[in-house]
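Residue strings, one per chain:
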Amino acid sequence: MMKYNPIGPTAHGAIDYGFVILQALAPGLFNLKGSAKTLCYTFAGMQGLLNAFTDHPLSIKKVVPLRIHGELEMPLVPALLVLPLVTGAMKQRNGRRYFISFFGIAFANFLLTDYLANEKKQRARRNL
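Computed from a predicted structure; not experimentally measured. (Residues numbered from 1 in each chain as written. Predicted model: local features only at pLDDT ≥ 70, side-chain atom pairs only at ≥ 80, totals over all residues. Heavy atoms only, no water.)

## Describing the nonpolar core
We count it as follows: The nonpolar core is taken to be a set of buried Ala, Val, Leu, Ile, Met, Phe, Trp, Tyr and Cys residues, with the residues joined through side-chain atoms within 4.5 Å. The buried label goes to any residue with under 20% of its type's maximum accessible area, the exposed label to any with over 50%, and the partly exposed label to all in between, with areas taken from a 1.4 Å probe on protein chains only. Put simply, DSSP marks the helices as runs of H or I at least four residues long and the strands as runs of E at least two long, and each gets a number from the N terminus on. Every residue pair with non-hydrogen atoms within 4.5 Å of one another is taken to be in contact.
Core analysis: the largest hydrophobic core is formed by 14 residues, its most contacted members being Leu32, Cys40, Tyr98, Phe99 and Phe102. Going through the elements one at a time, helix H1 (9-30), helix H2 (34-52) and helix H4 (93-112) are the ones with two or more residues in this core. For Leu32, the contacting residues outside a window of four places in its chain are Ala26, Pro27, Lys37, Cys40, Gln92, Asn94, Gly95 and Tyr98.

Structure follows, in structure tokens:
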């Protein structure tokens, strides 16, 4: 069975930058305090750095292959749910709503992204 991954490198980069903005604005938008606020800023910083240096058209410098970006996101996506739970950020009603919703969106983005798109393109060029 073929896997369908409609999100390519450019779209994934744009979505990730959107995630960075949302994470940075979330404490003010959702009145998040304490560990919830800290986690939002931490997640925004980590995602921003990873995205800025990933091999996609919207990056600052292409250092991290997109495939590796996906491998790094594999544990980071569940961390979007686990860390707020462990740190008590989920005790805040808005924190629960925010982190559960954000996890769902990030998980969908992860599942729908073709992290091998750049490698497939390079193989196709070599075969020409």
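Picking up where we left off.
## Some details on a nonpolar patch on the surface
How we decide: By definition, no residue in a patch forms a salt bridge, and every one has over 30% relative accessible area; like charges are joined within 9 Å, nonpolar side chains (Val, Leu, Ile, Met, Phe, Trp, Tyr) within 5 Å. Areas reported as accessible are Shrake-Rupley estimates using a 1.4 Å probe. Residue values count occlusion only from the protein chains shown. Salt-bridge detection follows one rule: a side-chain nitrogen of Lys or Arg within 4 Å of a carboxyl oxygen of Asp or Glu.
There is a patch of nonpolar side chains on the surface, built from Ile21, Leu25, Leu29 and Phe30 and spanning about 390 Å² of accessible area. Following the sequence through the fold, Leu29 ends up in helix H1. Judged by its relative accessible area of 57%, Leu29 is exposed.

## A few points about the packing of aromatic side chains
Note the following rule: Stacked, edge-to-face and tilted are the three classes for Phe, Tyr and Trp ring pairs, Trp counted by its six-membered ring, which pair at centre distances within 6.5 Å; planes under 30 degrees apart are stacked, over 60 edge-to-face, the rest tilted.
By the definition in use, this model includes six aromatic pairs. With 5.3 Å between their ring centres and 35° between their planes, Phe30 and Tyr98 make a pair best called tilted. With a gap of 68 residues between them, Phe30 in helix H1 and Tyr98 in helix H4 connect regions that are remote in the sequence. On the numbers, 5.6 Å between centres and 10° between planes, the contact of Phe103 with Phe107 is stacked. With Phe103 and Phe107 both in helix H4 and four residues apart, the pair spans about one turn of that helix. Among the aromatic residues, ring-to-ring pairing joins Phe19, Phe30, Tyr98, Phe99 and Phe102 into one connected group.

Read these as spatial facts, not as claims about activity.
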